[in-house]
Amino acid sequence: GGGTGFVGRALTQLLRSRGHEVTHVSRQEGKDRISWEELSHSGLPLCDAVVNLAGENVLNPFRRWGDAFCREVISSRVETTRTLAKAIADAEQPPRAWVLVTGVGYYRPSPTAHYTEDSPGGDFDFFSRLVSSWEAAALIPGSPARGVVVRSGVVLGRGGGAVSQMLWPFRLGLGGPLGSGLQPFPWIHIRDLAGIVCHALESECLQGVLNGVSPSSPVTSNGTFAQELAAALGRPALLPVPAWAVQAVFGTERAVMLLEGQRVVPKHTLESGYHFIFPDLSGALKDIVA
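Residues numbered from 1 in each chain as written. Predicted model: local features only at pLDDT ≥ 70, side-chain atom pairs only at ≥ 80, totals over all residues. Heavy atoms only, no water.

J.: So what about the layout of surface pockets? Which residues, and what values?
T.: Volume-wise, the second largest pocket comes out at about 730 Å³. Lining the second largest pocket are 31 residues, and of these Glu21, Val22, Cys47, Ala49 and Val50 sit closest to its centre. When residues in the lining of the second largest pocket are grouped by element, the largest group, 4 residues, is from helix H1 (residues 6-17). For the lining of the second largest pocket, the class distribution of residues is 17 nonpolar, 8 polar and 6 charged. (1 Å grid on protein atoms, 1.4 Å probe; cavity = no way out; pocket = protein on both sides within 12 Å on 5 of 7 lines; lining within 4 Å. Points joined across faces, edges and corners; volume = space filled by probe spheres on them. Helix = DSSP H or I, 4+ residues; strand = E, 2+ residues; numbered from the N terminus. Nonpolar A, V, L, I, M, F, W, Y, C, P; charged D, E, K, R; others polar.)

Here you go:
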C-alpha cells in the first residue's frame, strides 16, 4: 500500500534494483497493481512480504484541519493497515514479512528527552494516538509473518516531502527557522528510509520497532536545518517564520508538528546492522539540492 507515493516510488526503485518483484495496492488496478477492492474480495496474491506506506499527507497546507480531514488522515492509515493485516491473516500461504511505516509523532515532543525504540509514547495527543491505532491495526496474533514497524522522521528527498515545500522561499533568500528554531528536527533522507525498509525485508531475523531517523537527528534543531538548507543553496536564512503564522496556515493541532519536535535515536536500527547512506544533514541536503 502507498507504493506510488513519494517514499513508495523510492522503495519500489530500490527493491527492483535488488531483483525483487513489486506489486502495488492502489485505488485502480493496472500493470503490477491490484486495487484495494480486489485485495478485500480475492485476498492477498502470493508474495514474500507486504509493506504499507499509505497515508494522506497530514501537512497538506491546502486542506483545512477539521473533522473531515482528521477522518481521512486516520482512515488512510488505520483502515489500509487493517485491510492488509486481515489479508495476511487470511492468506493460505502468508508472507514471511510485514512492514509498516508510521511516525515519530508517537513520542512526546520535548526539548531535552532522547527517545529510543523502547521509550513510551502513543497516548498524549491526536498524532500520538493515531500512531498507536495505526500500529495496533497491524498486529496479527499468531501469524508466522515477521512484523516490523519503522517510525519515520521528516523525510527529506528530491521531488517531494518536506524539502519540496520549503525550497522556493529558501531559493529566494526568504527562508528561516520556524518559531524559536530551537525545537528538535527528527529527519531522514528518503534513500535511508527506503534502505531501512529494504533491510527489514531482507533480514530474516529482524522484528519489532525501528526508528527511521538519521544518527545525527537527535542533535539537529529546526534552526540548524534552516541554516544547512540555506547553505546548501548558497542563500541566507535570516527570516524566522513566527509561530502564529505557522498556526494560521496549519491550525494549532498540526502546527505542533512543526513548532515542537523530538530527539529520536535510531538505536535498534543501528544495532540491526543498517548502515546509513546519509548520516549527517549537510551531506543529505547537498544531495537533494544538487
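Here the narrative resumes, following the displayed structure.
J.: So, the packing of H1 against helix H6 (residues 190-202): which residues are in play, and what are the values?
T.: Between H1 and H6, whose axes approach to 9 Å, the crossing angle comes to 55°. Classified by the angle between their axes, H1 and H6 sit oblique to one another. Once H1 is placed against H6, the crossing between them reads as right-handed. Contacts between H1 and H6 involve Phe6, Val7, Ala10, Leu11, Leu14 and Leu15 on the former and, on the latter, Ile190, Leu193, Ala194, Gly195, Val197, Cys198 and Leu201. Residue composition of the contact of H1 with H6, grouped by class: 12 nonpolar, 1 polar and no charged. (Axes fitted to C-alpha atoms, helices over the stretch in contact; angles between N-to-C directions. Parallel < 35°, antiparallel > 145°, perpendicular 65-115°, else oblique. Left-handed = near helix turned anticlockwise from the far one by under 90°. Contact = heavy atoms within 4.5 Å.)

J.: Outline the sheet that holds strand S3 (residues 49-52), listing residues and values.
T.: Taken in spatial order, the 4 strands make up an open sheet running S3-S4-S6-S9, and their pairing is parallel. The outermost strands of the open sheet, each flanked by one partner alone, are S3 and strand S9 (208-212). Neighbour to neighbour, the strand axes of the sheet diverge by 20° on average, direction disregarded. Bridging between strand S6 (residues 146-152) and S9 involves 5 bridges; their strand directions are parallel. Opposite valine 148, over in S9, you have glycine 208 as the bridge partner. In the packing of helix H3 (residues 67-90) onto the sheet, contacts are made with S3 and strand S4 (97-103), and the angle to S3 comes to roughly 170°. Where H6 meets the sheet, it contacts S3, S4, S6 and S9, and its direction lies at approximately 170° from that of S6. (Pairing = 2+ DSSP bridges.)

Nothing here speaks to function; it is geometry throughout.
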